[in-house]
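Chain residues, written in single-letter form:
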Amino acid sequence: MDTVVVDARNEFLFLNGSLAGASISQNKELLYVFNRIEIALEIIDLNNLILKEKIQFETEGPNGIGPWISAFSIYKDDKIIFHTNNRYGLFDFEGKKIQDHHFDSVSSGLSEVEYLSRLFNWDNENMHFGIISNSVSDSYYLGHVDIQNEKVARVPLQKFKDLKDYYVTWSRNGQVSGGFGPRIQITQSPEKLILSSDYANKFYLYHPDSMDLIFKTVESSLVPNQKELPSFNIAESTEEYHSFQQTYFEDINFLPPFWDETRKVFYRFSFKEIYGDKKNQYGKAISSNSQVFLTVFDKDLNILSETRVRELNKKPGFHFAKDGQIWIFENLEDELGFVRLSIDF
């Protein structure tokens, strides 16, 4: 394990949210971070550990990205897609808008009670994928999005139907104030998409070229294979809601698997939070440290090895595999750094 720091070239890099939503180029040479304060895309050269460039965008006007961005994705390493609910804008790296698309009508294939999550491109401009969730039926689908024609097709994800059983709604004076629970995560390798969730040791493997969908469960000998069901699904008080969240994170939490092109394996972190007596100003318990576990899978998601990573004492932030190592984001006194793990198995 070692630690490296990125040369920011006298700029203040956007480290808020621990790089949540950042993207990596296909060749793992560039890191893309969207600076929500300056409305700029920061591009980090990971080979030389230096800020390569900063691209400015506008919020309004003919090249405006909009006032609020839910997510972004990189298309073929030379274009960027900004996501705002069911609207998607395609921009070049000079900040100019190329296309603007909407998926908020029934004609696109979505209903008024469905939400399409963050998109990413597979292989060509008309092969984009995301997760569709239906807030009424609690159904989930893999969405296949044709951006050019503004159409959405879907593949049912029946094995995630029980996800709703782990979700708790926060009710105050009879009014819904929020909710918390598991979600479906989507990652990719050169051959397939991997759909997983933080609550159970199960996956869908989807091959876009053949359109084959395979469901798979795995059995860990190190950690529980599924979270315990909550004892209630509606929290009637702030204390009850915070108590559920603490119990949720004290149980096992599975992070998405990620592909190591060098060693031809998938890695996946999982963790359990450990709480002490410390609470924030709202009375919510603050984690003191974590137990972190690492699983190594072959290309078909069969377990090769698993271990507790005692060198890590907190949930891994943004991470990826590069050159046979695992890189984990670390905020080093407001500088962008990475802890790099070399793994033997």
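Keep in mind it's a predicted model, so treat the numbers as computed, not measured.

Regarding the overall build of the protein chain
So, point 1. Helix and strand content of the protein chain: one helix and 29 strands.
So, point 2. Expressed as lengths along the three principal axes of its C-alpha atoms, the size of the protein chain is roughly 50 × 50 × 45 Å.
So, point 3. By the burial criterion, 49% of the 345 residues in the protein chain qualify as buried.
So, point 4. Once local pairs closer than 6 in sequence are excluded, the contacts in the protein chain between residues at least 24 apart make up 48%.
So, point 5. On the protein chain, roughly 17,200 Å² of surface is accessible, and the fraction owed to carbon and sulfur atoms is 46%.
So, point 6. Side chains of the protein chain give 36 positive and 50 negative charges; the mean places of these two sets differ by 3 Å.

Focus on the sheet that holds strand S19 (residues 200-207)
Adjacent strands of a sheet form backbone hydrogen bonds with each other and so pair up, either parallel or antiparallel.
So, point 1. Judged by pairing direction, the sheet is antiparallel, and its four strands sit side by side in the order S17-S18-S19-S20 without closing on themselves. This sheet does not close on itself; its edge strands, each paired only once, are strand S17 (184-188) and strand S20 (212-217). On average, each strand axis in the sheet is tilted by 20 degrees relative to the strand beside it, whichever way the strands run.
So, point 2. With six bridges connecting them, S19 and S20 associate as antiparallel partners. Following the sheet pairing, Leu205 is matched in S20 by Ile214.

Section: the packing of aromatic side chains
So, point 1. Throughout the structure, instances matching the rule amount to 25 aromatic pairs.
So, point 2. Ring centres 4.6 Å apart and planes at 15 degrees place the aromatic pair Trp170 and Tyr241 in the stacked group. Residue Trp170 is found in strand S15 (residues 168-172), and its partner Tyr241 is found in helix H1 (residues 238-250); the two are separated by 71 residues along the sequence.
So, point 3. By relative accessible area, Trp170 is classed as buried at 14%.
So, point 4. The class for Tyr241 is buried, based on a relative accessible area of 7%.
So, point 5. Here the aromatic residues Phe34, Phe57, Phe72, Phe82 and Phe91 are joined through ring pairs into a cluster of three or more.
So, point 6. The ring of Phe215 carries Lys159 above its face, with NZ or CZ at 5.4 Å from the centroid.
So, point 7. Against the face of Trp170 rests Arg172, its NZ or CZ located 4.8 Å from the ring centre.

Quick word on the confidence of the model for the protein chain
So, point 1. A residue-level look at the protein chain finds 97% of positions with pLDDT of 70 or above and a mean pLDDT of 91.
So, point 2. Across the protein chain, the secondary-structure element scoring lowest on mean pLDDT is strand S11 (residues 120-121), at 73, and the one scoring highest is strand S22 (residues 253-254), at 98.

Concerning the pattern of salt bridges
Opposite charge on two side chains permits pairing when their charged atoms draw close.
So, point 1. Applying the stated criterion across every chain yields a total of 12 salt bridges.
So, point 2. Two residues, Glu42 and Lys54, come together in a salt bridge whose shortest N-O distance is 3.6 Å. Here Lys54 lies in strand S5 (residues 50-56) and Glu42 lies in strand S4 (residues 40-45), a separation of 12 residues in the sequence.
So, point 3. Note on Lys54: relative accessible area 25%, which makes it partly exposed.
So, point 4. Residues Asp162 and Lys202 are paired through a salt bridge, measuring 3.1 Å at the closest nitrogen-oxygen approach. With Asp162 in the loop between strand S14 (151-156) and S15 and Lys202 in strand S19, the pair connects residues that are 40 residues apart, well separated along the chain.
So, point 5. Under the relative-accessibility criterion, Asp162 is labelled partly exposed at 21%.
So, point 6. Salt bridges here are not isolated pairs; linked through shared partners, they connect Glu11, Glu38, Glu42 and Lys54.

What counts as what
- Residues numbered from 1 in each chain as written.
- Predicted model: local features only at pLDDT ≥ 70, side-chain atom pairs only at ≥ 80, totals over all residues.
- Heavy atoms only, no water.
- Helix = DSSP H or I, 4+ residues; strand = E, 2+ residues; numbered from the N terminus.
- Buried < 20%, exposed > 50% of the residue type's maximum accessible area, 1.4 Å probe, protein only.
- Contact = heavy atoms within 4.5 Å.
- Areas by Shrake-Rupley, 256 points an atom, 1.4 Å probe, with all protein chains shown as cover.
- Lys, Arg positive; Asp, Glu negative; His and termini not counted.
- Charge placed at Lys NZ, Arg CZ, Asp CG, Glu CD.
- Pairing = 2+ DSSP bridges.
- Axes fitted to C-alpha atoms, helices over the stretch in contact; angles between N-to-C directions.
- Phe/Tyr/Trp six-rings, centres within 6.5 Å; stacked < 30°, edge-to-face > 60°.
- Lys NZ or Arg CZ within 6 Å of the ring centre and 35° of its normal.
- pLDDT = per-residue confidence, 0-100.
- Salt bridge = Lys/Arg side-chain N within 4 Å of Asp/Glu carboxyl O.

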